[in-house]
Each structure stands twice: as C-alpha cells, then as structure tokens.
Amino acid sequence: MRITQGTFSYLPDLTDDEIAMQVQYALDHGWALSVEFTDDPHPRNHYWHMWGLPMFDLHDAAGVVYEVNECRQAYPLYYIRVNAYDASPTRQTTALSFIVNRPPDEPGFRLERQEHVDRRLRYTLHPYAADRPAGDRYPPTMPER
Amino acid sequence: MPTPGGTDQESTTQGPTDPAARSRRASPSRLPADATVDLAAERRASGIDEILDTLDRELVGLAPVKTRIRELAALLLVDRVRQGFQLSASRPSLHMSFTGSPGTGKTTVALRMAELLHRLGCIDRGHLVAVTRDDLVGQYVGHTAPKTKEVIKRAMGGVLFIDEAYYLYRAENERDYGQEAIEILLQVMESHRDSLVVIFAGYKDRMESFFSSNPGLSSRIAHHLDFSDYDLDELMAIAALMLEREHYRFSEPAERTFRDYLQRRMRQPRFANARSVRNALERARLRQANRLLAATGRTWSRDDLMRFEPEDFLASRVFADEST
Ligand SMILES: Nc1ncnc2c1ncn2[C@@H]1O[C@H](COP(=O)(O)OP(=O)(O)OP(=O)(O)O)[C@@H](O)[C@H]1O
Ligand SMILES: [Mg+2]
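Let me sum up the structure you'll find in this document.

What counts and how
Residues numbered from 1 in each chain as written. Chains lettered and ligands numbered in written order. Predicted model: local features only at pLDDT ≥ 70, side-chain atom pairs only at ≥ 80, totals over all residues. Heavy atoms only, no water. Helix = DSSP H or I, 4+ residues; strand = E, 2+ residues; numbered from the N terminus. Buried < 20%, exposed > 50% of the residue type's maximum accessible area, 1.4 Å probe, protein only. Polar contact = N/O pair within 3.5 Å; in protein donor to acceptor, adjacent residues only side chain to side chain. Contact = heavy atoms within 4.5 Å. Salt bridge = Lys/Arg side-chain N within 4 Å of Asp/Glu carboxyl O. Nonpolar A, V, L, I, M, F, W, Y, C, P; charged D, E, K, R; others polar. Pairing = 2+ DSSP bridges. Axes fitted to C-alpha atoms, helices over the stretch in contact; angles between N-to-C directions. Near = heavy atom within 4 Å. Areas by Shrake-Rupley, 256 points an atom, 1.4 Å probe, with all protein chains shown as cover. Domains from an automatic or database assignment. Phe/Tyr/Trp six-rings, centres within 6.5 Å; stacked < 30°, edge-to-face > 60°. Lys NZ or Arg CZ within 6 Å of the ring centre and 35° of its normal.

### Re the side chain of Asn101(A)
All names here are of chain A.
And then number 1: Position of Asn101 relative to the elements: it lies in strand β4 (residues 93-101).
And then number 2: A relative accessible area of 14% means that Asn101 is categorised as buried.
And then number 3: Separated by 3.0 Å, the side chain of Asn101 and the backbone oxygen of Tyr78 make a polar contact.
And then number 4: If we skip the residues at most four places from it in the chain, Asn101 touches Arg72, Tyr75, Pro76, Tyr78, Tyr79 and Ile80.

Structure representation (structure tokens):
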C-alpha cells in the first residue's frame, strides 16, 4: 500500500527534475530546506530523523538534491522527505513537505480494534512494517506473507 | 553568416553528471540539422557584450585576462548554439585559478566571471561565494567534511571563490584537516561540474607549489589566469576611475603629486597595487575634509569640495620616510 503523506501525496512520485524544481521554488521564497528519513510509516510519526542540519543560505536546488542523493545512498529502503520551513514572522511553519524516497515494497497497515468499556470499540492503525525491529523494517525483498 | 557544422546529427545520450541541473538550464530550442544560426543575434540576445564592455571600461589594464575571458565567452556561446543542433559535447571545464599579487583585481574579476557565466547559461544563479581556509577546514576530527560540504552547497549554481587557496594544504603536517577539504573539493569539482565553478586564487609562487603538491587539483583546472602588477600609468588610470566614481578630482598639481606618491609607494614593501591606490585616496579624503574644516572664515564651492590638493597627499608617511 503506497503511503501518502505531505504535499503532492496524491500525485505520482516526483521525478528528480521535479524535485529540483520544487526545491528551487522553496529557495526562491527564502524557505530553509531540510532532509529527513524514517522507517516508521505511521501517519502520526512526526519525529523523523534529521539528515544533517537544515540548510540555510542556499541559492540553488543542486545543494539540496545533493543531500537527498546522499541520504538515498545511505538509506535506500527508507522513507525520505524534504521539508521547507517558512520562518517569516506571520507564518513560522513548514510550508512544504514531500516524500522523495520510499521503500520498494510497502506492506501497508492493519486496522486494530480494541474492546473498551460497555462493548465500545477503539480503532487504531498498525503498520505491518513496525512488526519488525527498527532499522530492519524494509529488507530488500520482503518475506512471503 | 557562419553555419556551424550541422551535417550529421549526433544522437548521443552521454549523460551529464547532474541531469537535474542540466535540464533546468535554459537550453536553446532544437533546430533542424539544415538550419543556420545568426551568431551575432545570439550574442546580442545573451547580453555578454554588456558585461565584457563594462569589464573593459571598469577594469584598467589586465589585457591577457580580458582576452582569455573573451575567448571563453566565445566558446561558451558557440557551445550553446551547438546544443541547439544536438551537437552535444561535454561541457567545457570551467574551474579556474587566478594568480597575482595583492590588489591586482582577482576578486573583482571573479565577481564579474560569475555574472558572465550566468548570462551564458553555464550556471543557474550567478552568485559568488568567497571563502578562505577557515570557512572550509574544521577544528577537530569530523568537523571538516560537513563544513566543506555546507560551503559547497551554498555555492552551487554559482561560483566558489577560494582565496589564498594554498593555506588549505600544509606540507609540514600530513594530518592537517585541509587535506580532507581538498579531497572533497576534488570530488565535487568532477561530479558536479554542471552546477559549480570553483576559482582558486592566490599569489603566484605559492599557488604553483600548492598545485605541484596537489596534482589532482591542477589537472581539474582548465584555465590558469595570471594577473600581472600594474605599471604607473595603469595605477593612475585606476585612480582616475575611482575618483570619478566617488565624485572627486585632482587639481593639476595634485595629480603630479599623486604620481610622485605612487612612484615612491611602489618601491616600498607591502605595495598592494590597486588596493594601495584606493587606500591612498581614502586617506586623502580624510585629510581634505580636515583641511576644509580647519580653514575658518571662508566659504567653499561645490568644486572645492570635490578637489584634492597636493597637501592632501604630501602629509603622507610615504613622503616623510623619504626625507628622513
Ligand atoms: N584593473 C583595475 N581597474 C580598476 N580597479 C581595480 C583594478 N584592479 C583592482 N581594482 C580595485 O582594487 C581593489 C582591490 O582589488 P581586488 O580586491 O580584486 O584585489 P585582489 O587581487 O583580490 O587582492 P588580494 O589578493 O589581496 O585579495 C578593488 O577595490 C578593485 O575595485
Ligand atoms: Mg581578493
């Protein structure tokens, strides 16, 4: 199941050229860019690992694309995203955040039901990938299920 | 009109190292193989003449440097037109080294170079990031690589200008972190040729020994430009340019005094060519202001406020040293 998170999530994955163009758009607006990665696809997982520090004072997308590629090389089977932070006083928030790398095989989520008082049900999502230990969640070829 | 080659169409897919950078670059529209191009029109459209002319106007002397820049501009322009015919050749290597004494205009030319390369579509942004050893080399193990990469990322799309580059390499200490910075540079100069131009600058003799101990660097640099010292007439012309920009002028005797001043100054140690001229003029401004304020009981005209007199220079230490 292809997960969809962040900006452009319902589009097909961006090509490298498109990534560079989006990054340039962000740079032209003066937003600081950062690269993050994780192997926990839960939608409420907000704390991805930082790939280096956020990048300030860049002029050209090539610098960010370079870091994306470095991160892809180190973590080819992880989710990687690019964030653009708008620091202007009235906004001060993430202006743009999109996925630039994903594992080849995404097993998806199961719906869990928890019995609660008075036979009420509580629902939660559980990523199948999280069954495996962190760091080992997306082996190059997933085991038979 | 010259019609470049255009016989057989090479359909080479020999990839540029950085496809993203290449495709974002404004490439001229595709032309059929039997088309002809008007190079003069291309030239006008690119606006390089504007830059080359301001270069001629605002920089005195430096004939060999200017010639080389013109040649380079021609090559890059023709290269771009060739791309229109899908006659792709690898992009010419643009890394350069500028050698010359202090104040011979290396930094100034590097700035212009960034603009020129931008106009020619070789780099996407056209900014200049000027750094020295301190900006690239870290203080402890593991500090250098991120620091160097940070600088490189900032310079991408523009020109990375490394002043006094020989400080990167310390022959006496083989564990010096500078070596690590050089290695990263070597790698990026090759792999990101399309998004980054590196210019090394420094004094000639020390740059030469720097390059001879780092042969990998030297072979990646296609253009070695040498900035020669200015002669007296050129220095006077530079002074005239600077004065004009600042709305000052010499009185006739003051011009002779300044010539005399420069002659003496050139013989002294730590003479820094055009920068010494600039500094001398700055100090003259100071003395002129004090001269004007000291004289009481009269009024000054616009021309008085613009004019330097001999005494604005005669008070200089350069003259004092001679008399003692
Ligand atoms: N040919 C020239 N015509 C006019 N002005 C010049 C010329 N060359 C240098 N200058 C002026 O001299 C000053 C010093 O030049 P610049 O900083 O480019 O020297 P540099 O070669 O980089 O010196 P350093 O090696 O000490 O860094 C600048 O203000 C510049 O405008
Ligand atoms: Mg300089």
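### Brief notes about the interface of chain B and chain A
And then number 1: Opposite the 16 residues of chain B that make contact, chain A presents 16 residues.
And then number 2: The partner of Asp60(A) in a salt bridge is Arg125(B), and the shortest N-O contact between them spans 2.9 Å.
And then number 3: Summed over the shared surface of chain B and chain A, the result is four residue pairs in polar contact (both at pLDDT 80 or more).
And then number 4: When grouped by side-chain class, the residues that make up the side of chain B that touches chain A number three nonpolar, five polar and eight charged.

### A short note on the pattern of salt bridges
When the charged atoms of two side chains with opposite charge come close together, those side chains can pair.
Residues and elements named next belong to chain A.
And then number 1: Here the structure, examined in full by the defined rule, presents 31 salt bridges over all chains.
And then number 2: A salt bridge links Asp13 to Arg102, with the nearest nitrogen and oxygen atoms 3.3 Å apart. With Asp13 in the segment before α1 (16-28) and Arg102 in the loop between β4 and β5 (109-115), the pair connects residues that are 89 residues apart, well separated along the chain.
And then number 3: A residue is classified by how much of its surface remains accessible, and Asp13, at 42% relative accessible area, is partly exposed.
And then number 4: In this structure, Asp16 engages Arg72 in a salt bridge whose closest nitrogen and oxygen atoms are separated by 3.2 Å.

### Quick word on the sheet that holds strand β1 (residues 96-100) of chain B
All names here are of chain B.
And then number 1: Strands sit in the order β2-β3-β4-β1-β5 across an open sheet of five strands; the sheet is parallel. With one partner strand each, in any of the chains shown, β2 (128-131) and β5 (223-227) form the two edges of the open sheet. When strand polarity is set aside, the average angle formed by the axes of neighbouring strands in this sheet is 20°.
And then number 2: Examined bridge by bridge, β1 and β5 share five bridges and lie parallel to one another. Looking across to β5, one finds that Phe98 is bridged to Leu225.
And then number 3: Against the sheet, helix α4 (residues 63-84) contacts β1 and β5, and its axis sits at roughly 155° relative to β5.
And then number 4: The strands touched by helix α5 (residues 106-119) are β1, β2, β3 (158-163), β4 (196-202) and β5; relative to β1, the strand with the most contacts, the crossing angle is about 155°.

### Considerations on the site of ligand 1
Residues and elements named next belong to chain B.
And then number 1: Close contacts around ligand 1 come from 18 residues, with Lys106, Thr107, Thr108, Arg275 and Arg278 the closest.
And then number 2: Contact between ligand 1 and Thr108: an oxygen atom at 2.6 Å from a side-chain N or O atom of the residue.
And then number 3: Contact with the protein chains covers 87% of the free accessible surface of ligand 1, which is 630 Å².
And then number 4: Where the shell around ligand 1 is concerned, the elements lending two or more residues are α5, α11 (232-246) and α13 (273-294).
And then number 5: Grouping the constituent residues of the shell around ligand 1 by class yields eight nonpolar, five polar and five charged.
And then number 6: Residues lining the shell around ligand 1 come from more than one domain, with at least three contributed by each of domain 1 (8-227) and domain 2 (232-323).

### A closer look at the packing of aromatic side chains
And then number 1: Overall, the coordinates contain 21 aromatic pairs over all chains when judged by the stated rule.
And then number 2: Considering the side-chain rings of Phe8(A) and Phe98(A), the 5.5 Å spacing of their centres and the 65° angle between planes classify their relative orientation as edge-to-face. Taken together, the positions of Phe8(A) in the segment before α1 and Phe98(A) in strand β4 put the pair 90 residues apart, joining distant regions of the chain.
And then number 3: Classification of Phe98(A) by relative accessible area gives buried; the value is 3%.
And then number 4: Three or more aromatic residues link up through ring pairs in this structure, and these residues are Tyr248(B), Phe250(B), Phe258(B), Tyr261(B), Phe308(B), Phe313(B) and Phe319(B).
And then number 5: Over the ring of Trp48(A) we find Arg81(A), and its NZ or CZ is 4.0 Å from the ring centre.
And then number 6: Stacked on the ring of Trp300(B), the Lys or Arg Arg298(B) has its end atom at 3.9 Å from the ring centre.

### So, the side chain of Asp312(B)
Residue and element names in this part refer to chain B.
And then number 1: Relative to the helices and strands, Asp312 is located in helix α15 (residues 311-314).
And then number 2: The class for Asp312 is buried, based on a relative accessible area of 1%.
And then number 3: Aside from chain neighbours lying at most four places away, what touches Asp312 is Ala284, Arg287, Gln288, Arg291 and Arg307.

### Here we look at the pairing of strand β6 (residues 121-127) of chain A
Residue and element names in this part refer to chain A.
And then number 1: Pairing geometry for β5 and β6, over seven bridges, is antiparallel. Directly across from Gln114, in β6, lies its bridge partner Arg122.
And then number 2: Joining the antiparallel neighbours β5 and β6 is a turn of five residues, in which Asp118 adopts a positive phi near 60°.

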